[in-house]
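Structural description and commentary
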Amino acid sequence: MKPLVYTWPGYAAVGAALVAGLNAEAGEIAVRHFPDGETYVRLLTPPAGRSVILACGLDRPDEKLSSLQFAAVTARELGAIRIGLVAPYLAYMRQDARFHEGEAVAARAFAGWLSWIVDWLVTVDPHLHRYAKLGEIYPIATAIASSTTAISRWITANVTDPLVIGPDAESRQWAAAVANGANCPCLVLEKVRRGDRDVEITIPNLAGAAGRTPVLVDDIISTARTMAAAVKHLRAAGTPAPVCIGVHALFGGDALPCLVQAGVREVITCNTVAHATNAIDVLPQLADSARDLLNAWVERA
Ligand code: R5P
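A brief look at the structure comes next. (Residues numbered from 1 in each chain as written. Predicted model: local features only at pLDDT ≥ 70, side-chain atom pairs only at ≥ 80, totals over all residues. Heavy atoms only, no water.)

Here's the deal with the sheet that holds strand β1 (residues 4-7)
Stated formally: Should DSSP find at least two bridges between two strands, the strands are regarded as paired. Under the scheme used here, helices are H or I runs from DSSP no shorter than 4 residues and strands are E runs no shorter than 2 residues, and both carry numbers assigned from the N terminus. An axis is simply a line fitted to the C-alpha atoms; with a helix, the fit covers only the stretch in contact. Between two such axes, the angle follows the N-to-C directions and lies from 0 to 180 degrees.
Strand order in the open sheet made by the 6 strands is β2-β1-β5-β6-β7-β8, with parallel pairing throughout. The outermost strands of the open sheet, each flanked by one partner alone, are β2 (25-27) and β8 (141-145). Strand-to-strand twist of the sheet, defined as the mean angle between neighbouring strand axes without regard to direction, takes the value 25°. Relative to β8, strand β7 (residues 120-124) runs parallel, the two being bridged by 5 bridges. Bridged to Thr123 within β8 is Ile144.

A closer look at the site of the ligand
Selection criterion: Note on terminology: near, applied to a residue and a molecule or strand, indicates that one of the residue's heavy atoms is within 4 Å of it. Think of a polar contact as two N or O atoms within 3.5 Å of one another; within protein, one of them needs to be a possible hydrogen donor and the other a possible acceptor, and neighboring residues in sequence only count if both atoms come from side chains. Under the convention used here, a 1.4 Å probe and the Shrake-Rupley method define accessible areas, while residue burial counts only the protein chains that appear. Under the convention adopted here, Pro, Cys and the residues Ala, Val, Leu, Ile, Met, Phe, Trp and Tyr are nonpolar, Asp, Glu, Lys and Arg are charged, and Gly plus all remaining residues are polar.
Around the ligand, the surrounding shell holds 15 residues, and the nearest of these are Glu170, Asp218, Asp219, Thr223 and Thr226. A distance of 2.5 Å separates an oxygen atom of the ligand from a polar atom in the side chain of Asp218. Considering the ligand on its own, with 380 Å² of exposed area, one finds that the protein chains cover 95% of that surface. Sorting the residues of the shell around the ligand by element identifies β11 (190-195), β13 (213-221) and α6 (225-236) as the ones contributing at least two each. At 4 residues, β13 tops the list of elements feeding residues into the shell around the ligand. Within the shell around the ligand, the residues separate by chemical class into 3 nonpolar, 4 polar and 8 charged.

This is the structure we're talking about:
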């Protein structure tokens, strides 16, 4: 039987990519809130005997945790044979250490909870920093779809003489791969974060990159303070207006105006989190990774 995809409100494109890419069936699910704010979930397509896929991003995760849990538990109770989550953005990966006494290591706690809910997980470029692999905190099967080839293609088609720049050490993993794919040089900056909106960036000597258009590449744009600080330094150093590319467009509060004010040429993101800046489609890669993970599972069984 074909896998059954239940798609959350707001993630129609993700569900459609999975149905097409996995030759799956679109299942019907109702997710809504009662008048008191509690969550209601109903699986309208029966999951009995089916391999079930939940298509739901984890941006603004706290709004979705109850519905995901209720859907997964219900699918299991009603006889689903396997349940996976395809979340283009994986939340809570940045709080990956106890930076201050008493803090929750949310990355680990969230991974434990999610691994109890579902049997497998596929996502796009999770923020791997102090944990080098998802397997260090997720005991379930996981697969990662990479956005870097799609980003390189966009740069090649849209930027003449690019210089790819990662704004901090963690971004090297994406920036280096993107620069390699776009066949251009890559630079990684140093960042010190003092608070949610307080970021300091150090720019090295740019003499060797004169005339090139800086293309900042990072996995997440949240407050945009990281990108904005880098853009300001680059402009002050006399570069052309930089292009900013983020994989996950979280954009809280005044993030976008802050970037525009800093002097960007344009802001571009992948479509892992719906946003006006989405211009790079990575959902086919997401569906490919889900299909590969499921096929490997079936072959093993
Ligand atoms: C963290 O290290 C990430 O790679 C990003 O640099 C960070 O999340 C960006 O955050 P913000 O947009 O709030 O500066």
